[in-house]
Amino acid sequence: MSLIRVHPCPSVVRMNFFLQKSELCDLYEKVVAGQRLSEADARRLFESKDLNAVGAIADFARARKAGNRASYIVNRYINYSNYCILSCQFCSFARKKRDADGFELTVPQMVEKAREALKLGITELHVVGGLHPSLPFSYYVDMVKALSALNTSSSRREEAHSASGEKSQSLLTSAATPRLHLKCFTAIEILHLAWLAKKPFPDVLAELKAAGLDSLTGGGAEIFRPEVRSAIARGKESAEEYLDVHRAWHRMGGRSTCTMLFGHVESLADRVDHLRQLRALQDETGGFVGFVPLPYQPENNPIPVKHPPTGFDALRTLAVSRAYLDNFAHITAYWVGLGLKLAQVALSYGADDLHGTIIEEHIFHMAGSQTPQLQTEADMVKAIREAGREPVQRNTFYEPIKSWGPATNNTEGTHGGRSPVLEANLATA
């Protein structure tokens, strides 16, 4: 009588070739069953050399969250100043007042940049800067008020446009034009503003929210482990302070993104610890809308790194993040740090969002990033299509604004029948 051999991971036989003989098939089974991965599980995924298997686990988790959709955002990135009182070792962006290449923008200059971007159809302004040594707290409140006021003027322009009888060439699924969203300030900036205002930071958050602030950015998280933080960002806020600012904002009903800077002096255990703390706060508040792993840029930085982040490392970090952060709806592949081609591959390794392109991005490019300064919306749609996903333009909270639907032969690609207006639109991260 012959014996029937039972595969140790029965669902793997049906689901994925890469996992059929993998040592990680038990973790795949946990994800399929909806069980939470432990820190030890995350370490196993990070330490595995079987990138295809790790990616297959993450891709299953991604598909359960996002289906076959992948998103991008149309927005404008504004750095109001690169003057900073800190001297983080990893940062190539910050300057002192004595430096010739330092800059600061007036509020009217920022409004003008925003007006120009509104003509391209942006839905979000992403505004961050250094910890300026002398700008008063009133500057930041006035900034938010002035930028928020653009919603009124843009609404009037839309009403005039509609009244003229012109037909929009947009494919918006909603009849209403998306409201301009102000995504401003990192946690350390909020703490700096609290110091300027001589107020508790929750009061500062409340004042900024009343002025028109819609959400916080996730920058400044770096790596939470104190020893690593001291080595790369001495003097910056602690992990506890970073999490406290986001916790307070979430308790006010606000939402935000969060990040992790990887590929410098941290260990894999440090990455897992970082992810653990983010997952714990998300369990508590549910206020994070997405997670953005950021690969370290070693050029023009004083931190010696023998082995900067490779493509392998970037893909496994995105994949482990997707599998482990089960309470996060979205994982973003930040193409400015990865390059568009690798970010495209990342859509099969757990990521469901590419951010978009950057207009005038300074922070990564001053650190040595060689990626372009921007991508057209057509380029983003094309990249997503080539990765086998359905492109969706999203808002700041990853909610769909426009769906491109299934590909058609006569409208896809850079030489298809796309509207010149859409071709001119710029998506920014």
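One can find the structure itself at the top, above this paragraph.
Source: prediction; values computed, not measured.

Analysis parameters
Residues numbered from 1 in each chain as written. Predicted model: local features only at pLDDT ≥ 70, side-chain atom pairs only at ≥ 80, totals over all residues. Heavy atoms only, no water. Helix = DSSP H or I, 4+ residues; strand = E, 2+ residues; numbered from the N terminus. Contact = heavy atoms within 4.5 Å. Areas by Shrake-Rupley, 256 points an atom, 1.4 Å probe, with all protein chains shown as cover. Buried < 20%, exposed > 50% of the residue type's maximum accessible area, 1.4 Å probe, protein only. Right-handed = clockwise from strand over helix to strand, strands pointing away. Phe/Tyr/Trp six-rings, centres within 6.5 Å; stacked < 30°, edge-to-face > 60°. Lys NZ or Arg CZ within 6 Å of the ring centre and 35° of its normal. Core = buried A, V, L, I, M, F, W, Y, C linked by side-chain atoms within 4.5 Å. Salt bridge = Lys/Arg side-chain N within 4 Å of Asp/Glu carboxyl O. Polar contact = N/O pair within 3.5 Å; in protein donor to acceptor, adjacent residues only side chain to side chain. Expected span 1.5 Å × (residues − 1). Arc of directions from axis to C-beta.

Draft legend 1. Expanded view of the overall build of the protein chain. Helices and strands together make up the secondary structure of the protein chain, namely 18 helices and eleven strands. The long-range share in the protein chain, meaning contacts at least 24 apart out of those at least 6 apart in sequence, stands at 75%. Only carbon and sulfur atoms are counted for the fraction: they give 54% of the accessible area of the protein chain, which is about 18,300 Å².

Draft legend 2. Summary view of the pairing of strand E7 (residues 288–295). Of all eight residues that make up E7, eight are buried, and the element is covered over most of its length. The parallel pair strand E6 (residues 255–262) and E7 is bridged by helix H12 (residues 268–285), and the resulting crossover is right-handed.

Draft legend 3. Structural view of the packing of aromatic side chains. Counted according to the given criterion, the structure contains nine aromatic pairs. Measuring from centroid to centroid gives 5.7 Å for Tyr-28 and Phe-60, while their planes differ by 65°, and the two rings are edge-to-face. Taken as a pair, Tyr-28 in helix H2 (residues 25–32) and Phe-60 in helix H4 (residues 51–66) lie far apart in primary sequence, 32 residues in all. What makes Phe-60 buried here is its relative accessible area of 19%. The structure contains a cluster of three or more aromatic residues connected by ring pairs, namely Tyr-80, Tyr-139, Tyr-140 and Phe-185. Lying over the aromatic face of Phe-397, Arg-255 brings its terminal NZ or CZ to 3.6 Å of the ring centre.

Draft legend 4. Structural context of the nonpolar core. Membership of the largest hydrophobic core comes to 121 residues, with the highest contact counts inside it found for Met-143, Leu-147 and Phe-185. A total of eight residues in this core trace back to one element, the largest contributor, which is H4. Ignoring sequence-local partners within four residues, the contact set of Met-143 consists of Tyr-80, Val-107, Met-110, Val-127 and Phe-185.

Draft legend 5. Here's a closer look at the environment of Arg-115. Within the secondary structure, Arg-115 is located in helix H5 (residues 107–118). Take Arg-115: its relative accessible area is 35%, and that puts it in the partly exposed class.

Draft legend 6. How the structure looks around the pattern of salt bridges. Per the counting criterion, the structure on display carries 25 salt bridges. For Arg-251, the salt bridge is made with Glu-284, and the minimal N-O distance between the two is 3.1 Å. A residue pair is termed long-range when its members are at least 10 positions apart, and Arg-251 in helix H11 (residues 239–251) and Glu-284 in helix H12 qualify at 33 residues. Residue classification places Arg-251 among the exposed positions, given a relative accessible area of 65%. Under the relative-accessibility criterion, Glu-284 is labelled partly exposed at 43%. Of the charged contacts, one joins Arg-316 and Asp-313 as a salt bridge, the two residues approaching to 2.9 Å between their closest N and O atoms. Of this pair, Arg-316 and Asp-313 both sit in helix H13 (residues 311–324), separated by three residues, roughly a single helical turn.

Draft legend 7. Geometry of unusual backbone geometry. Positive phi values are uncommon outside glycine, yet Phe-185 reaches one of about 75°. Mapped onto the elements of the fold, Phe-185 is located in the loop between strand E4 (181–184) and helix H8 (187–197). The class for Phe-185 is buried, based on a relative accessible area of 0%. The residue Tyr-398 is not glycine, and still its phi comes out positive at about 65°. If you trace the backbone, Tyr-398 turns up in the loop between strand E9 (390–394) and strand E10 (400–403). Overall, the relative accessible area of 7% leaves Tyr-398 in the buried class.

Draft legend 8. Region of interest: the side chain of His-274. By secondary structure assignment, the location of His-274 is in helix H12. Using a relative accessible area of 0% as the deciding quantity, one classes His-274 as buried. Here the side chain of His-274 touches Thr-259 through a polar contact of 2.9 Å, landing on its backbone oxygen. Contacts of His-274, omitting those with residues within four sequence positions, involve Ala-221, Glu-222, Ile-223, Phe-224, Thr-259 and Met-260.

Draft legend 9. Quick peek at H5. With twelve residues, H5 extends 16 Å from end C-alpha to end C-alpha; this agrees with the ideal 16 Å at 1.5 Å per step. Inspection of H5 places Val-107, Met-110, Val-111, Lys-113, Ala-114, Ala-117 and Leu-118 among the buried residues, and these make up the whole buried set. Summarising the axial view, the buried residues of H5 lie within an arc of 160°, below the 170-degree limit, and thus occupy one face.

Interpretation in functional terms is not warranted from these geometric data alone.
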